[in-house]
Amino acid sequence: PQNLGNIKSLAMGPDGMLYVCAGFGGAMANWSGERIVALDRDGKYVRTVAPFAANTTTNEASGVGVIELEGRAAPLVKAVIPRSFYGAEAFRKDGMAVTPDGVMLRPVGGYNARGALALSALSLKGTAPWGSDVTPALLDLSRAYFNRPFVCVASDGRSAFISGTGQVRPGQKPDNIRHSCIWRVALPAKEKMLPFFGKMEEPGGDETHLSVNPRGMALDGKGNLLIADCASNRVVVVSEQDGKFVG
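The rules we used
Residues numbered from 1 in each chain as written. Predicted model: local features only at pLDDT ≥ 70, side-chain atom pairs only at ≥ 80, totals over all residues. Heavy atoms only, no water. Pairing = 2+ DSSP bridges. Helix = DSSP H or I, 4+ residues; strand = E, 2+ residues; numbered from the N terminus. Axes fitted to C-alpha atoms, helices over the stretch in contact; angles between N-to-C directions. Contact = heavy atoms within 4.5 Å. Phe/Tyr/Trp six-rings, centres within 6.5 Å; stacked < 30°, edge-to-face > 60°. Buried < 20%, exposed > 50% of the residue type's maximum accessible area, 1.4 Å probe, protein only. pLDDT = per-residue confidence, 0-100.

Attention now goes to the sheet that holds strand 14 (residues 181-186). Sheet strands pair via backbone hydrogen bonds, and the direction of the pair is either parallel or antiparallel. Read across the open sheet, the four strands follow the order 12-13-14-15; overall the sheet is antiparallel. The strands lining the two open edges of the sheet, one partner per strand, are strand 12 (150-153) and strand 15 (194-198). Shown here is a sheet whose adjacent strand axes are inclined to one another by a mean of 30°, direction ignored. In this structure, strand 13 (residues 159-163) lies alongside strand 14, joined through four bridges in antiparallel fashion. What sits directly across from Phe161, in strand 14, is Arg184.

Right under this line is the structure:
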């Protein structure tokens, strides 16, 4: 078995493969590179998804870091800090999901996780299926730091849910927003995402509220979204269609 390095996130694909994002090189996370590999059900290495393969053509790699040099495709570093051929300045830990049609989604943002939140969107070949490997800004985080955002794709593949976009940092500037809600964005993500369940900056532990900074999410296969409301020590179940509280 190969050494994958610092494993950051995992996601199952529609092809039955396990996709693993791992960091490599550099002692500091912000200055290390990343790769995404596909493993089969026995844990055997199948292929590297990102960075994209050396034989990727310029047409196939349109929207990611590649230029044509002397008639051949040549990689171009688009983001210097993470040493990446892709446009995101900083990938975050934990969050990765794959749509039913094979698009890998990861929350991304600026250096030190400040600025606008977007999604990285890569095909299972490491190319840009939506014309660019990074979506437009989905949420302005100029007043907040986000630390560990998570993403979960709806069962119909038409939207994605995002959590963990806020982090309370008492006594530090800029003032931080208490993100006590789950967001939803229609796919492909071209418009701003909107609150789906819970109320932003109104934390709580009842049937209409979530605590500060809810974490991981998953689908139960019955049309419901499960939310880890860690600060309230509970798992909240809501309908993934309309966000109504189930239990």
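Its place among the elements puts Ser239 in strand 18 (residues 234-239). Residues in contact with Ser239, not counting those within four places in the same chain, are Phe196, Gly223, Asn224, Lys244 and Val246.

Counted according to the given criterion, the structure contains one aromatic pair. An angle of 50° between the planes, with centres 4.9 Å apart, marks the rings of Phe161 and Phe196 as tilted. With Phe161 in strand 13 and Phe196 in strand 15, the pair connects residues that are 35 residues apart, well separated along the chain. Judged by its relative accessible area of 12%, Phe196 falls in the buried class.

Looking at the chain, pLDDT values average 81 and 79% of them are 70 or higher. Looking at the elements of the chain, mean pLDDT is at its lowest for strand 7 (residues 90-91), recorded as 51, and at its highest for strand 18, recorded as 96.

With omega at 0°, the peptide bond leading from Ala50 into Pro51 counts as cis. Structurally, Pro51 can be placed in the loop between strand 4 (45-50) and strand 5 (66-69). Note that the residue after Leu187, namely Pro188, is joined by a cis bond; omega there is 0°. Considering the arrangement of structural elements, one finds Pro188 in the loop between strand 14 and strand 15. One non-glycine residue, Asn233, lies in positive phi territory at about 55°. Residue position: Asn233 is located in the loop between strand 17 (224-229) and strand 18. For Asn233, a relative accessible area of 72% puts it in the exposed group.

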